[in-house]
Amino acid sequence: MFEKTPLAPLDPILGLSTSYQQDTRSDKVNLGVGVYKNEQGITPVLDVVKKAESILLKEEVSKSYLPIAGLSRYTDLVTNLLLGQDHAVIKAQRVGTIQVPGGTGGLRVAADFLFHVLGAKRIWISRPTWANHLAIFKTVGFDIVEYDYYDKASHQLDFAKMKSQLQQAQSGDILLLHTCCHNPTGADLSLEQWSELVDLCRAQQVTPLFDTAYLGFHQGIEQDAQVLRMCAEKLPEMLIVNSFSKNFSLYNERIGTLSVITESADHLEAALSQMKRMARVLYSNPPAHGALIVAQILSDSALCDMWHAELKMMRERIASMRHLLVQALANNKAGIDFSFIEHQRGMFSFSGLSVEQVTRLRDEFGIYMTDSGRMSVAGISQSNVKYLADAINQVL
Ligand code: LMR
């Protein structure tokens, strides 16, 4: 039977890493996958993670299975981190969290839960979005409606258009939102716009699902979490998928959470039980190491301070690379104003380059970015920024 298997296309993001590895040019640059790199082009293990691991190594006594919902110490700490420990929904026992294998794992459990258990059939997803969003929800069977999010000409969020299209959403629809550092555009809603969106969700009876993969990469954990806290206060129901791949640099530990907020505490147990049922058939129960690391750090104020400082360092290095790139592109031959790159948030810059230009950068210069023109700014360094800017200048 396997002779009939068609070859799957390379993944639009992770496939780029494969092509980059195979490229033998010494000056190649990887701006494809959203992974933090330091000035030396390395994705280091955070010092705070090393410290937590050394404690765990001494204290760990068993590698037995975790429960389906994961480590409860970890899920409690993460709920407090996301919503703030005094949040009304925590006090009202309207929020429950399960541990999941990374953001993708959380999105898939959420998708299965919404589709198979609650009968949701339609999801609204921003255009553009992270490529895997479309793949996950399509695989589960959702009808995907894309809402326009970004104005390419002004390099900004197009909130008016987004809002007018979302007026068409109907009761029972799901609305996928990026909590902060929108992937791929780096354009986010202001708190006032979030508030308008909350009103829209209430009026249309739409349930939001927040994908939270870059918390802390705009202004810091507390500031970036404001969106979640405000929405959780005002909305009766919502879901939050959270990943620690980026902000703890724990990419290959596959560590995240899926939280559900129900209108009444009475509905929570059933919702969690169904989410666990979905998780059981997908991966049985989650891996422990990442959860133990995060729990160790979040429960120790000194380690927590260290984490915030390392996250700040990552955030600031990315911001300084944005600045360097804008400077290096200042006198480009096409006279394009690239200053918008400095206003974009998070790990990515949506460069505005066309597929043809992206292809030329890859073929002629060994510079890898997604076909959408998304650059992972974390892959830029003092040593490659000039090469990158010169190459962009040549393809403009
Ligand atoms: C990205 O957008 O590059 C990251 O979220 C990594 C991934 O899994 O695609």
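On a predicted model such as this, the values are computed, not experimentally measured, just so you know. (Residues numbered from 1 in each chain as written. Predicted model: local features only at pLDDT ≥ 70, side-chain atom pairs only at ≥ 80, totals over all residues. Heavy atoms only, no water.)

**Examining the domain arrangement of the protein chain**
1) Next: Partitioning the protein chain into structural domains gives domain 1 (2-45 + 303-395) and domain 2 (65-299).
2) Next: Computed from C-alpha coordinates alone, the two centres of domain 1 and domain 2 are separated by 26 Å.
3) Next: Each partner contributes residues to the interface: domain 1 has 25 residues there, and domain 2 has 29 residues.
4) Next: When the two sides are added together, the surface that domain 1 and domain 2 hide from each other amounts to roughly 2400 Å², 68% of it contributed by carbon and sulfur.
5) Next: For domain 1, the biggest contributors to the area lost against domain 2 are Trp307, Arg345 and Phe350; these three give 32% of the whole.
6) Next: Where aspartate 188 meets arginine 345, a salt bridge forms, and the shortest distance between an N and an O atom there is 3.6 Å.
7) Next: One can count 7 residue pairs in polar contact (both at pLDDT 80 or more) joining domain 1 with domain 2.
8) Next: Every element with two or more residues in the side of domain 1 that touches domain 2 is listed here: helix H13 (301-328), helix H14 (340-343) and strand E11 (348-350).
9) Next: The element contributing the most residues to the side of domain 1 that touches domain 2 is H13, with 8 residues.
10) Next: The residue inventory of the side of domain 1 that touches domain 2, partitioned by class, reads 15 nonpolar, 7 polar and 3 charged. (Domains from an automatic or database assignment. Contact = heavy atoms within 4.5 Å. Buried area = accessible area lost by both parts, 1.4 Å probe. Salt bridge = Lys/Arg side-chain N within 4 Å of Asp/Glu carboxyl O. Polar contact = N/O pair within 3.5 Å; in protein donor to acceptor, adjacent residues only side chain to side chain. Helix = DSSP H or I, 4+ residues; strand = E, 2+ residues; numbered from the N terminus. Nonpolar A, V, L, I, M, F, W, Y, C, P; charged D, E, K, R; others polar.)

**As for the pattern of salt bridges**
1) Next: Under the criterion given, the structure shown has 14 salt bridges.
2) Next: Two residues, arginine 25 and aspartate 23, come together in a salt bridge whose shortest N-O distance is 2.8 Å.
3) Next: When its relative accessible area of 28% is taken as the criterion, arginine 25 is described as partly exposed.
4) Next: Between arginine 127 and glutamate 146 there is a salt bridge; the shortest N-O distance is 4.0 Å. Of the two residues, arginine 127 is situated in strand E3 (residues 122-127) and glutamate 146 in strand E4 (residues 143-148); the sequence distance between them amounts to 19 residues.
5) Next: The class of glutamate 146 is partly exposed, set by a relative accessible area of 32%.
6) Next: Three or more residues joined by partner-sharing salt bridges are found here, namely Arg127, Glu146 and Asp148. (Buried < 20%, exposed > 50% of the residue type's maximum accessible area, 1.4 Å probe, protein only.)

**A short note on the site of the ligand**
1) Next: Inspection of the region around the ligand gives Ile13, Val33, Gly34, Trp130, Asn183, Tyr214, Lys246, Phe348 and Arg374 as its neighbouring residues.
2) Next: Contact distances for the ligand include 2.7 Å between an oxygen atom and a backbone N or O atom of glycine 34.
3) Next: When the ligand is considered free in solution it has 260 Å² of accessible area, and contact with the protein chains removes 82% of it.
4) Next: Within the shell around the ligand, the residues separate by chemical class into 5 nonpolar, 2 polar and 2 charged.
5) Next: Both domains that furnish three or more residues to the shell around the ligand are identified here as domain 1 (2-45 + 303-395) and domain 2 (65-299). (Near = heavy atom within 4 Å. Areas by Shrake-Rupley, 256 points an atom, 1.4 Å probe, with all protein chains shown as cover.)

**Re unusual backbone geometry**
1) Next: A cis amide bond links arginine 127 to the next residue, proline 128, at an omega of 5 degrees.
2) Next: With respect to the helices and strands, the residue proline 128 is situated in the loop between E3 and helix H6 (131-140).
3) Next: Positive phi, normally seen in glycine, also occurs at glutamine 93, with a value near 55 degrees.
4) Next: Along the chain, glutamine 93 falls in the loop between helix H4 (88-91) and strand E2 (95-100).
5) Next: Assessed through its relative accessible area of 57%, glutamine 93 is described here as exposed.
6) Next: The phi torsion at arginine 254 lies on the positive side, around 50 degrees, for a residue other than glycine.
7) Next: Note on placement: arginine 254 falls in the loop between strand E9 (238-243) and strand E10 (256-261).
8) Next: Here arginine 254 falls in the partly exposed class, since its relative accessible area comes to 32%.

**Regarding the sheet that holds E4**
1) Next: The strand order across the open sheet built from 7 strands is E2-E10-E9-E8-E7-E3-E4, with neighbouring strands paired in mixed fashion. Each of the sheet's edge strands pairs with one partner strand only, and the pair in question is E2 and E4. On average, adjacent strands in this sheet sit at an angle of 20 degrees to one another, irrespective of strand direction.
2) Next: In this fold helix H11 (residues 268-282) packs onto E2 and E10, with an angle of close to 10 degrees to the strand it touches most, E2. (Pairing = 2+ DSSP bridges. Axes fitted to C-alpha atoms, helices over the stretch in contact; angles between N-to-C directions.)

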